[in-house]
Amino acid sequence: MAIGLKNMGFNIDGSPRTKRVKRAKDDKCVSKSKISYKDVKLTYSTITKTIEVIFSNDDTLNIQLRHDAKSLLLIKFFSYACSHCYALDPFIEIFKKNNNNINFKYVPAIFSDQMIPLAKLFFTLDTMNLLPKLHESVYEAIHVDKKRIFTDKKIFKWAEENDLINFVEFKKIYDSFDTNNKILYAKNLTIKSQITGTPYLMINGKYLTGPSLISKSNGGFSPARLEQVVKQLYKK
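All residue numbers here refer to positions counted from 1 along the written sequence of the relevant chain. For this predicted model, a pLDDT threshold of at least 70 governs which residues receive local features, and a threshold of 80 or more governs which side-chain atom pairs are given and counted, while totals over whole chains, interfaces and linings are taken from all residues. Values shown for side chains rest on all heavy atoms present in the structure; no hydrogens or waters enter the calculation.

Asker: Can you lay out the overall build of the chain for me, pointing to particular residues and giving the numbers?
Answerer: Each helix and strand in the chain was counted, giving nine helices and six strands. Across the 236 residues in the chain, those meeting the buried criterion constitute 50%. Taking the contacts inside the chain whose residues are at least 6 apart along the sequence as the reference set, 68% of them involve residues at least 24 apart. To be clear on the numbers: accessible area is Shrake-Rupley with a 1.4 Å probe, and residue cover counts the displayed protein chains and nothing else. Surface accessibility of the chain: about 12600 Å² in total, with carbon and sulfur atoms responsible for 51%. Only runs of H or I of at least four residues qualify as helices and only runs of E of at least two qualify as strands under DSSP, and these elements are numbered from the N terminus. The cut-offs for exposure are 20% and 50% of the maximum accessible area for each residue type, with area from a 1.4 Å probe on protein chains only; residues under the lower value are buried, those over the upper are exposed, and the others partly exposed. Should any heavy atoms of two residues lie within 4.5 Å, those residues are considered in contact.

Written out as structure tokens, the structure reads:
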């Protein structure tokens, strides 16, 4: 389901709406939380349909977004529960292979407490260096096998049954201070970036775009168009 500008929490001129975002009944990827717009300046371009985000002087965010100026910092805000994120991943992998100058990062979007367990799962697998082997497996468990691993208890059961995971180490990392710090960072970045749905791509810490913003008039999605927009924004 495409998420329009109105449902993202912005007026057509790009100014933020303070009204509570309504969650579509058939879309788990849309937030119903009220977003704080403090210390964030946004401008909206009707040509590229992208939102420019200018952060306030937040040391944590500035440190995390710092990167080599010669490379493209591409952040994908995602949720394992989001089928659109799952569908976009193959394109992301092709895009990374075709562009060697990309510094790519996944950030699990957190705009409700219900999203924390899956975000902790991501950070735990990342710490254990298991993402290359299990990132897609998490998507498959949810969207192919229809396993509702959305709580700590069910995630522990899934991890314990996986032969590639040392469950004792997994549980220790999952509940660790370091993982909880990463959750706070992801939640902070999600709010300051005005992320109210998934997936979205952030380019060099300044621009947001995604399939729902550049979809065709018939609702279709063009990977080539998304790649073109990302490259255009990188050069700005």
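Asker: Before we move on, can you summarise the pairing of strand β4 (residues 102-108) with the specific residues and values?
Answerer: Regular strands place their side chains on alternate faces of the sheet. Taking burial as the measure, the seven residues of β4 include five buried ones, the bulk of the element. Looking at chain direction, strand β3 (residues 72-78) and β4 are connected through seven bridges and run parallel. Note that in β4 the partner of leucine 72 across the bridge is isoleucine 102. Seen with the strands pointing away from the viewer, any crossover whose path from the first strand over the helix to the second strand runs clockwise is right-handed. Following the backbone out of β3, through helix α3 (residues 83-98) and into the adjacent parallel β4, one traces a crossover that is right-handed. Strands pair, by our definition, only if DSSP identifies at least two bridges between them.

Asker: Describe the pattern of salt bridges, with residues and values.
Answerer: Salt bridges are defined as contacts in which a side-chain nitrogen from Lys or Arg sits within 4 Å of a carboxyl oxygen from Asp or Glu. Summed over the entire model, instances satisfying the criterion amount to seven salt bridges. Two residues, lysine 76 and aspartate 89, come together in a salt bridge whose shortest N-O distance is 2.4 Å. Linking lysine 76 in strand β3 with aspartate 89 in helix α3, this pair joins segments that are 13 residues apart in sequence. The buried category is assigned to aspartate 89, whose relative accessible area is 9%. A salt bridge links glutamate 93 to lysine 96; the shortest N-O distance between them is 3.4 Å. Residue glutamate 93 and its partner lysine 96 are located together in helix α3, separated by three residues, close to a single helical turn. Look at the salt bridges and you will find they share partners, linking Lys120, Lys171 and Asp175 into a network.

Asker: Could you give an account of unusual backbone geometry, with specific residues and numbers?
Answerer: Leave glycine aside and you will find that most residues have negative phi; peptide bonds, for their part, are mostly trans. A cis amide bond links threonine 198 to the next residue, proline 199, at an omega of 0°. Assignment of secondary structure puts proline 199 in the loop between α8 (177-192) and β5 (200-203). The backbone of asparagine 129 sits at a positive phi, close to 60°, despite the residue not being glycine. Along the chain, asparagine 129 turns up in the loop between α4 (116-127) and α5 (131-143). Phi is positive for lysine 146, which is not a glycine, with a value near 60°.

Asker: So, helix α6 (residues 152-160): which residues are in play, and what are the values?
Answerer: Here α6 has its buried residues at Ile155, Phe156, Trp158 and Ala159. Along the long axis of α6, the arc covered by the buried residues comes to 160°, so they all point the same way. What points out from α6, more than 90 degrees from its buried face, is the exposed set Lys153 and Glu160. Structurally, α6 contributes buried residues whose contacts are with α4, α5 and α7 (167-174). Think of the arc as the fan of directions from the helix axis to the C-beta atoms.

Read these as layout, nothing more, since geometry by itself doesn't imply function.
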